[in-house]
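# Coordinates in review
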Amino acid sequence: MKILKKIAVFALFILIILQFFGPEKNIGDVADLQPFLTETNPPASVQQTLKVACYDCHSSNTRYPWYSNVEPVSYWLADHVKHGKEELNFSEWSTYSTKRKDHKLEEIIEEVEEGHMPISSYTWIHGDAKLTEAQIKELADWVTDARAILSIGEKQPQ
């Protein structure tokens with residue numbers, strides 16, 4: 001029993017020390033989203049859906065909940081955000097080629113319609129990020145329009 005008590009005290013000590021360290025926060029300038037918003041022109045309701053369900057992991061503008069300051073949870077969240085931004089980063093939209101933009105828009109609706117996005121561990125905590133059928137349809141319609149605008153822009157001479 002003594003050894004278990006020592007292990008518990010040591011683990012508690014490590015957890016306390018960890019509270020003084022943590023990963024860098026993903027907090028950027030909201031203006032970074034402007035190229036994406038300008039080019040794809042989402043209606044206000046779609047912008048709100050993207051803000052609530054997508055931007056935390058897929059932009060440089062994460063809204064951090066209180067528990068993100070608790071270690072080791074912050075590392076878990078940072079890993080999710082890092083992975084999300086590797087897949088799609090709305091804040092870096094202007095650096096994507098037209099072909100890549102089109103593919104990312106196609107993937108958005110594919111992932112949403114298949115129920116892969118937003119991920120369940122996110123919607124479990126952020127209930128407002130659960131998408132309704134109406135929101136999914138609205139996103140699909142917007143993606144269709146945005147892809148059409150991209151293909152028209154690609155055909156026009158520079």
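Just above sits the structure.
Residues numbered from 1 in each chain as written. Predicted model: local features only at pLDDT ≥ 70, side-chain atom pairs only at ≥ 80, totals over all residues. Heavy atoms only, no water.

### Considerations on helix 5 (residues 73-87)
Going by this rule: Strands are runs of DSSP state E lasting at least 2 residues, helices are runs of H or I lasting at least 4, and numbering of each runs from the N terminus. Multiplying 1.5 Å by the helix residue count minus one yields the expected span of that helix. Contact definition: two residues touch when any of their heavy atoms are within 4.5 Å.
Its 15 residues give helix 5 an end-to-end C-alpha distance of 22 Å, which sits within 8% of 21 Å, the value for a rise of 1.5 Å per residue. Check the buried side of helix 5 and you find it contacts helix 4 (55-58).

### A word on the environment of L139
If you trace the backbone, L139 turns up in helix 8 (residues 133-155). Between the C-alpha atoms of L139 and L37, which are 102 residues apart in sequence, the distance is 14 Å. In this structure L139 touches V46, T49, L50, I109, V112 and L131, once residues within four positions along its chain are discounted.

### Comments concerning the nonpolar core
A general tendency of soluble globular proteins is for nonpolar side chains to be buried together. What counts is decided by this rule: Note on terminology: a nonpolar core comprises buried Ala, Val, Leu, Ile, Met, Phe, Trp, Tyr and Cys residues joined through side-chain atoms within 4.5 Å. Summary of the burial criterion: residues with accessible area below 20% of their type's maximum are buried, those above 50% are exposed, and those between are partly exposed, where the area comes from a 1.4 Å probe applied to protein chains only.
Ranked by size, the top nonpolar core spans 26 residues in total, and within it F36, L50, F90, L105 and W142 carry the most contacts. Secondary-structure elements contributing two or more residues to this core are helix 2 (34-40), helix 3 (44-53), helix 6 (98-113) and helix 8. If one sorts the elements of this core by residue count, helix 8 sits on top with 7 residues. If we skip the residues at most four places from it in the chain, L105 touches T40, W93, W142, V143, A146, R147 and L150.

### Section: a nonpolar patch on the surface
Note the following rule: Two distance rules govern patches: like charges are joined within 9 Å, and nonpolar side chains (Val, Leu, Ile, Met, Phe, Trp, Tyr) within 5 Å, applied only to residues with over 30% relative accessible area and no salt bridge. Under the convention used here, a 1.4 Å probe and the Shrake-Rupley method define accessible areas, while residue burial counts only the protein chains that appear. Here, a salt bridge means any side-chain nitrogen of Lys or Arg that lies within 4 Å of a carboxyl oxygen of Asp or Glu.
On the surface, F10, L12, F13, I14, I16, I17, F20, F21 and Y75 cluster together into a nonpolar patch covering about 960 Å² of accessible area. Per-element tally for the nonpolar patch: the top contributor is helix 1 (residues 2-18), with 6 residues. The topology assignment puts I17 in helix 1. Residue I17 is classed as partly exposed on the basis of its relative accessible area of 35%.

### Section: the side chain of T123
To be explicit about the condition: Any pair of N or O atoms that falls within 3.5 Å is considered a polar contact. Within protein, one atom must be able to donate a hydrogen and the other to accept it, and sequence-neighbouring residues count only if both atoms are side-chain atoms.
Within the fold, T123 resides in helix 7 (residues 120-125). For T123, a relative accessible area of 9% puts it in the buried group. A distance of 3.3 Å separates a polar side-chain atom of T123 from the backbone oxygen of S120. The residues touching T123, leaving out its near neighbours within four places in the chain, are P118, A129 and K130.

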